[in-house]
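What the coordinates show
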Amino acid sequence: MNRLLLFVCLTGITHIAYSQSGKFQLGLLAKGGNFTLPNAKDELSDFRDQDNINYGFKPGYQYTFGVYGAWRIKPQWSIIAELSYRLSYFEYFESHQYQVFDPSGVLTSSISHVYKSTTNTLVAPIKLQFSPKNLSKWHFQVGAGVCHNLSVRNEQTSIFKFTGQKDANGHNEFGATRLGTSDFRSHFTTGIFYQINNNTKIGVEYLFERYYTQDGDSYFTRDPLLLGNPIIDFIYLGSYPPSMHSFSVSLQHNLLH
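What counts as what
Residues numbered from 1 in each chain as written. Predicted model: local features only at pLDDT ≥ 70, side-chain atom pairs only at ≥ 80, totals over all residues. Heavy atoms only, no water. Helix = DSSP H or I, 4+ residues; strand = E, 2+ residues; numbered from the N terminus. Polar contact = N/O pair within 3.5 Å; in protein donor to acceptor, adjacent residues only side chain to side chain. Phe/Tyr/Trp six-rings, centres within 6.5 Å; stacked < 30°, edge-to-face > 60°. Lys NZ or Arg CZ within 6 Å of the ring centre and 35° of its normal. pLDDT = per-residue confidence, 0-100. Contact = heavy atoms within 4.5 Å.

1. So, the side chain of Q156
Here Q156 lies in strand β6 (residues 138-162). Separated by 2.4 Å, the side chains of Q156 and S158 make a polar contact.

This is how it looks when you write it as structure tokens:
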């Protein structure tokens, strides 16, 4: 018990010393921005007689909340470590409009899909911060880190329109827990911040997170009646998430002053 009290006292003294010296910061952070860069593409496929395909990603969003610690190693240089929770969402769309010519005339049909994905992630980057002498309120950060997906939920909505037939709608959902897996990903981040007061700074950050395939990322149907169907397999291609290109507004608040 005495050792525990001694440890608590020493920790408190160290905490006060670091806080007063200004070399150490411990605070809260919050970020919000897009998930990826929006894009839309059109192409003509030889898969059918005439097949116009439109596909791409919408911006999506990501929200991040967590804590950070900063240690000033030199008057202008600091090392920052963050640990945060991130909720991210992206949307992929794909539509096919095609015509088939046969003796009865021209048959027109369309198929459209919307794929939505929501992911819960733990993020842990380490950054290097530089503050110029003549611009002491401005801070430039660059760093890299790892993240681990905790869970992923995918949702697909489809609309099928065929000539002379009633429209058909389809909806599928697939969720997976990633906590006990090796679903680690690497990322790179950079940003610029402005010190609005002694405790708080606001800035803009860019984050790139490389994509690579993991179980649970795919939207391929689990319906055994559809597996192996070349048309269905063709439709479900392209449903993997893009690499993250996120621009976010970031707020950091130091709790030690």
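Structure's up, so let's keep going.
2. Some remarks on the packing of aromatic side chains
Taken as a whole, this structure holds 9 aromatic pairs when the rule is applied. The rings of F35, F57, F90, Y92 and Y115 are connected pair by pair, giving a single aromatic cluster. A cation sits over an aromatic face here: K201 above F193, 5.8 Å from the ring centre.

3. Focus on the confidence of the model for the protein chain
Overall, the prediction assigns the protein chain a mean pLDDT of 78, with 73% of residues at 70 or greater. Residue range residues 4-20 is modelled with pLDDT below 50. Its contacts to residues more than four positions away, or to other chains, number 6 contacts. Of the regions scoring below 50 in pLDDT, residues 216-239 engages in 51 contacts with residues more than four places distant in sequence or in other chains.

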